[in-house]
Amino acid sequence: MLPQFELYLPKSVEETSEILLTYNSNARIYAGGTDVLVQMAKGQSKPEALVDIKGLAELRGISYSAAKELSIGALTTHHELENSDLIKKKYAALHDGVSRVGSVQTRNRGTIGGNLCSALPSADSAAPLLALGAKVIINGSGGERELPLEKFYLGIKHTALEPGEILTKIVIPALARHNAQAYIKFSRRNAMDLALMGVAICYELDGLHVSKARIALTTAAPTPVRAYGAEAFLTGKALTEANLKEAGVLAAEEAKPRDSWRSGAEYRRGLIKVLLPRISRLALERMGKARSENERD
Amino acid sequence: MKEIELRFRLNGEEQRLTVPSNVTLLHVIREHFGLMGTKEGCGEGECGACTVLMDGRPVTSCIILAEEADRHDIMTVEGLMKDGKLNRLQQAFLDEGAVQCGYCIPGMLMSAQGLLNENPHPTSQEIRKGIEGNICRCTGYNRIVNAIHKASQDEGDS
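Reading the values: the criteria
Residues numbered from 1 in each chain as written. Chains lettered and ligands numbered in written order. Predicted model: local features only at pLDDT ≥ 70, side-chain atom pairs only at ≥ 80, totals over all residues. Heavy atoms only, no water. Salt bridge = Lys/Arg side-chain N within 4 Å of Asp/Glu carboxyl O. Helix = DSSP H or I, 4+ residues; strand = E, 2+ residues; numbered from the N terminus. Buried < 20%, exposed > 50% of the residue type's maximum accessible area, 1.4 Å probe, protein only. Patch = residues over 30% accessible without salt bridge, like charges linked within 9 Å, V, L, I, M, F, W, Y side chains within 5 Å. Areas by Shrake-Rupley, 256 points an atom, 1.4 Å probe, with all protein chains shown as cover. pLDDT = per-residue confidence, 0-100. Axes fitted to C-alpha atoms, helices over the stretch in contact; angles between N-to-C directions. Parallel < 35°, antiparallel > 145°, perpendicular 65-115°, else oblique. Left-handed = near helix turned anticlockwise from the far one by under 90°. Contact = heavy atoms within 4.5 Å. Nonpolar A, V, L, I, M, F, W, Y, C, P; charged D, E, K, R; others polar. Pairing = 2+ DSSP bridges.

Student: Can you explain the pattern of salt bridges? Please cite residues and give values.
Tutor: Taken as a whole and assessed by the stated rule, the structure comprises 22 salt bridges over all chains. K135 of chain A serves as the salt-bridge partner of E69 of chain A, at 3.0 Å between the closest nitrogen and oxygen. You can see E69 of chain A sitting in the loop between β4 (62–64) and β5 (70–73) and its partner K135 of chain A sitting in strand β6 (residues 135–139), a full 66 residues away along the chain. Residue R226 of chain A pairs with E231 of chain A through a salt bridge whose shortest N-O separation is 2.7 Å. Both residues of the pair, R226 of chain A and E231 of chain A, belong to the buried class. Among the charged side chains, a salt-bridge network with shared partners connects D52, K54 and R109 of chain A together with E68 of chain B.

Written as structure tokens, this is what we have:
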């Protein structure tokens, strides 16, 4: 049996915000529940109140704005993203990430907003979103504000959300027409396991050269992080084997992985060196395939 | 703590129930309705023994608040039988000898049913992905995969 708590089913962001403020930090948002209820069942979390926000319609859905920005509601489940043709085709890195979260059952329940707000270094949707240059939209007592995803993460289980605020949307800015992207989760088991290392990349290309590189890592630091050194190295260059290898070395150097029972830090660094070139090749193959399909159409 | 009033479908029948807010869907299924097919394994959403279908899709009922069943359609393993006959998935599990100790089987069946609802003719890879959230400690996976494959080949409804 779970500990006792008050349950709220708000219908608007304002109402949610008021409840959160009333309880100070003793209320938790309940969306998919795949983290919150597990922590409560284990006795690790004893909130006085749970705020089930699934009645907030404005937090749902995937849509394009006029400026070709993709907006993903925080309540969108991993399953919805996994089954979206748009995500599969245009945001392959995110598709790679959301398809590898937990298990079928977890993905049917867990939301992308929850995956970000749990703020674990291993969040499989976080590295792809960092690589795609995503921003988060936050709403609450102080009105709406926007943050780059990098600034949303302050530490393990620690986000930039102020009291009374919730994450409402994730926005992915328009990408260059030719872009190569992918995410790889390296884990011992395929399901219900955390990444030993996760590498996400998105290269925007101008001809053969990289006009913009974004590389992000999970389980490589206290939060999901960008590998800025490797990105700077690849910018303006062609994605040759030698350049990718060097980018892998640079990313491994700037990462700050830790030793845990799951894996040693040195092994994790080794993984970055291997996985970054590997995932880059996969992304380029994908892009080539998409191009030849477009030409056929 | 407030009590919550629920109206939902359970195995095709409309139900009304008032529950405390801190009970799980699993608890309601087993303790209020006495449907013991749905098992509690880990109690943390890891093992899949408590899998039921919510609006046709597999979910782990041990980490869902009962409150959420309101206005939804829940199906447990007891709901698979029709007119006193096993459905083709259940029959295939028997035919293929997919059941050893049996503890994981209700969850396996519900994940398999959820998979077939979405993808009636899955490949062997897709079947394995479909039951990735269900642990069988007898490690009878091959026969379970064979059974799901067989059921997906059989014609007929359900």
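Student: Mind laying out a nonpolar patch on the surface, listing which residues take part and the relevant values?
Tutor: Taken together, the side chains of M81, L86 and L94 of chain B define a hydrophobic patch exposed on the protein surface, amounting to about 260 Å² of accessible area. Classification of L86 of chain B by relative accessible area gives partly exposed; the value is 34%.

Student: Can you lay out the confidence of the model for chain B for me, pointing to particular residues and giving the numbers?
Tutor: Chain-level statistics for chain B give a pLDDT mean of 95 and a share of 97% at 70 or above. The ipTM value of the predicted complex is 0.95, and its pTM value is 0.95.

Student: So what about the packing of helix α2 (residues 88–95) of chain B against helix α5 (residues 141–153) of chain B? Which residues, and what values?
Tutor: Residues and elements named next belong to chain B. At a minimum axis separation of 8 Å, α2 and α5 run at an interaxial angle of 135 degrees. Considering their axes alone, α2 and α5 lie oblique with respect to each other. As α2 runs across α5, the sense of the crossing is right-handed. The segment α2 lies against α5, with R88, L89, A92, F93 and D95 engaging I144, A147, I148, K150, A151 and S152.

Student: How would you explain the packing of helix α3 (residues 105–118) of chain B against α5 of chain B if you had to name every residue and give the values?
Tutor: All names here are of chain B. With their axes 11 Å apart at the nearest point, α3 and α5 run at an angle of 40 degrees to one another. The angle between α3 and α5 places the two elements in the oblique class. Of the two possible hands of crossing, α3 and α5 adopt the one that is right-handed. Seen from α3, the contacting residues are I105, M108, A112, L115 and L116; seen from α5, they are Y141, I144, I148, A151 and S152. Classifying every residue of the contact of α3 with α5 gives 9 nonpolar, 1 polar and no charged.

Student: Any details on the sheet that holds strand β10 (residues 166–172) of chain A? Residues and values, ideally.
Tutor: All names here are of chain A. One open sheet accounts for 5 strands, arranged β4-β5-β10-β6-β7; its pairing is antiparallel. Of all the strands in the sheet, the pair left with one neighbour each is β4 and β7 (145–148). Averaged over all neighbouring strand pairs, the angle between strand axes comes to 25 degrees, with direction disregarded. As judged from the 5 bridges shared by β6 and β10, these two strands associate in the antiparallel manner. By the bridge assignment, V136 is partnered in β10 with I170.

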